[in-house]
Amino acid sequence: MNKNWAMNDLTPEKQWDLLKATNLIWGRCSMDELSAKRSKLIEDTCKHPPRSVERQKGLTEIIRAIEQSGRLWQENIPDYEDALQQTWLYLCRNLCEANTAQQPYDPNRSSVITWLDKYLKRRLQDFRIEADNQKARTVQPIPGSEGTTDPVDNLPAGSDRPLAILEETIEWVQTDPDGELRRVHINGHPEVNCQVLILRCLPPRTPWKKLSEEFGLPISTLNSFYQRQCLPRLRKFGESEGYLNED
């Protein structure tokens, strides 16, 4: 047998067989082989009853195999690990049976990594939305209003009944004894008056972004009206009731 052969001397089929054999010898697998192994592992795992030791071991092996593949979606952001843990939990609950999803994983529709990628990206988007909402809960000062503060956020430090004060304030806004809070509104928008905005800005606050979407008005317009018309009336009530010190 001539040992001085070259790779090109082999047919394409023989070359492929040789490469696969070499990969196996060195402990490497092609993407197709890895995918096939994961599919077989999933199939075997789902044969075992839920919550059985065998099912749990199989799920652990599947997670390890996916992590080692390095193909799952990755982002360098603080919330990634939390989203990833939610994704693993989603896999365990819905791989074989649908517990929290409408249907379990279907290998005929996508690979398990593609299936998990979609879920992981949705969870990351949820974290982004929550972060945006958190920012929106903080009122951004408008030009010229930096010195204006919300009296609800600045009750006396020694107050021993903040809940009672809040309840009394809500009652005052809702009853609106002289009708002033309902009369004062954004020009052209009688539904957006001081009574409505003060109630929506009392704890638990409604984010400005949500109010903007609800009323179809810019955040700056709502914020400006609240600072100019609502806060002074709220502060006047707080001072009259002794909740705040008069300046």
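Cut-offs and rules
- Residues numbered from 1 in each chain as written.
- Predicted model: local features only at pLDDT ≥ 70, side-chain atom pairs only at ≥ 80, totals over all residues.
- Heavy atoms only, no water.
- Phe/Tyr/Trp six-rings, centres within 6.5 Å; stacked < 30°, edge-to-face > 60°.
- Helix = DSSP H or I, 4+ residues; strand = E, 2+ residues; numbered from the N terminus.
- Buried < 20%, exposed > 50% of the residue type's maximum accessible area, 1.4 Å probe, protein only.
- Core = buried A, V, L, I, M, F, W, Y, C linked by side-chain atoms within 4.5 Å.
- Contact = heavy atoms within 4.5 Å.
- Arc of directions from axis to C-beta.
- Pairing = 2+ DSSP bridges.

Caption draft 1: The packing of aromatic side chains, seen in detail. Overall, the coordinates contain five aromatic pairs when judged by the stated rule. Arranged with centres 5.2 Å apart and planes meeting at 40 degrees, the rings of Y90 and W115 form a pair that is tilted. With Y90 in helix α4 (residues 80-94) and W115 in helix α5 (residues 112-136), this residue pair connects regions lying 25 residues apart in the sequence. For Y90, a relative accessible area of 12% translates into the label buried. Judged by centre distance (3.8 Å) and plane angle (10 degrees), the ring pair of Y90 and Y119 falls under stacked.

Caption draft 2: Just unusual backbone geometry, in detail. Phi is positive for R51, close to 70 degrees, though the residue is something other than glycine. Tracing the backbone through its elements, the reader meets R51 in the loop between α2 (31-46) and α3 (53-69). Relative accessible area serves as the criterion here: at 76%, R51 is assigned to the exposed category.

Caption draft 3: Spatial organisation of the nonpolar core. Ranked by size, the top nonpolar core spans 26 residues in total, and within it V192, L197, I198, L222, F225, Y226 and C230 carry the most contacts. Elements with a contribution of two residues or more to this core: α6 (162-175), α8 (194-201), α9 (208-215) and α10 (219-240). Excluding anything up to four places from it in sequence, L197 contacts V192, L211, L222, F225, Y226 and C230. I42, I62, L91 and L124 belong to the second largest nonpolar core, which has 24 residues in total.

Caption draft 4: Representation of α9 within the structure. Residues of α9 that are buried include every one of W208, L211, S212 and F215, and no others. The arc that holds the buried residues of α9, viewed along the axis, is 100 degrees, so those residues lie on one side. Within two residues after α9, G216 carries a phi angle of roughly 70 degrees, on the positive side.

Caption draft 5: Quick peek at the pairing of strand β2 (residues 189-193). Pairing between strand β1 (residues 185-186) and β2: two bridges, direction antiparallel. Bridged to I186 within β2 is H189. Where β1 folds back on β2, the antiparallel hairpin that results is connected by two residues, among which G188 adopts a positive phi of roughly 85 degrees.

Shape descriptors only; they carry no functional weight alone.
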